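# Analysis of the macromolecular model
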Amino acid sequence: MAHEGQSARGTALIIEDNEDNRVLISDLLTQGGYSTLPATTGLDGVAKALQHRPNLVILDIQLPDIDGVEVLRQIRASGANGSLPIIAMTSYAMAGDEQQLIAAGCTGYIEKPIDPTRVLGQIAAILARSGR
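So, how was this worked out
- Residues numbered from 1 in each chain as written.
- Predicted model: local features only at pLDDT ≥ 70, side-chain atom pairs only at ≥ 80, totals over all residues.
- Heavy atoms only, no water.
- Salt bridge = Lys/Arg side-chain N within 4 Å of Asp/Glu carboxyl O.
- Helix = DSSP H or I, 4+ residues; strand = E, 2+ residues; numbered from the N terminus.
- Buried < 20%, exposed > 50% of the residue type's maximum accessible area, 1.4 Å probe, protein only.
- Core = buried A, V, L, I, M, F, W, Y, C linked by side-chain atoms within 4.5 Å.
- Contact = heavy atoms within 4.5 Å.
- Arc of directions from axis to C-beta.

### Quick word on the pattern of salt bridges
A complete count under the given rule lists four salt bridges for this structure. Of the charged contacts in the structure, one is a salt bridge between Glu16 and Lys112, with a shortest N-O distance of 2.5 Å. Of this pair, Glu16 sits in the loop between β1 (11-15) and α1 (19-31) while Lys112 sits in the loop between β5 (108-111) and α5 (119-129); the two residues are 96 residues apart in sequence, bridging distant segments of the chain. For the pair Glu16 and Lys112, a shared accessibility class is recorded, and that class is buried. The partner of Arg73 in a salt bridge is Glu70, and the shortest N-O contact between them spans 2.8 Å. Taken together, the residues Arg73 and Glu70, both in helix α3 (residues 68-77) and three residues apart, mark about one turn of the helix. Taken together, the salt bridges that share partners define one network made up of Glu16, Asp60 and Lys112.

### Thoughts on unusual backbone geometry
With an omega of 0 degrees, the peptide bond between Lys112 and Pro113 qualifies as cis. Tracing the backbone through its elements, the reader meets Pro113 in the loop between β5 and α5. Of note, Arg53 is a non-glycine position whose phi angle comes to about 50 degrees, a positive value. On the secondary structure map, Arg53 appears in the loop between α2 (42-52) and β3 (56-59).

### Side note on the nonpolar core
If you look at the biggest cluster of nonpolar residues, it comprises 20 residues, and the most contacted ones within it are Leu13, Ile15, Val57, Leu59, Val71, Ile75 and Ile86. Sorting elements by how many residues they give to this core places α3 first, with three residues. Residues contacting Leu13, with those up to four places away along its chain left out, are Leu37, Pro38, Ala39, Gly45, Lys48, Ala49, Pro54, Leu56, Val57 and Ile58.

### Observations regarding α2
Taken as a whole, α2 has its buried residues at Gly42, Gly45, Val46, Lys48 and Ala49. Buried residues of α2 fall within an arc of 165 degrees about the axis and therefore sit on the same side. Backbone geometry just after α2 places Arg53 at a positive phi near 50 degrees.

Now the structure itself:
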């Protein structure tokens, strides 16, 4: 599932505990020119962000160990932060969640279920808005 090595757009770290979602997102990003690196827990995601210095992080908010907001906090507080784009991709959507995630340090937000025909465009739009 990991498509490691350099690619045109760099590496996308996918922090997602649901295998079907992780595979779908990985396949879409691979088609979009990224190599992908999977993480199934928040702590694993933080460790991989520090170790591999990805170009993009796709972050689920509901994870089995620490939640996505804590993952976001830890990555932003680490040496891996820089201007690393972190896009929350979650079905945990209540009124105000998007604003709270952006305020907490997310670059953007995509609600699940994702639309496979639109998700690469949504990611590109978020990256363009943030100047990346």
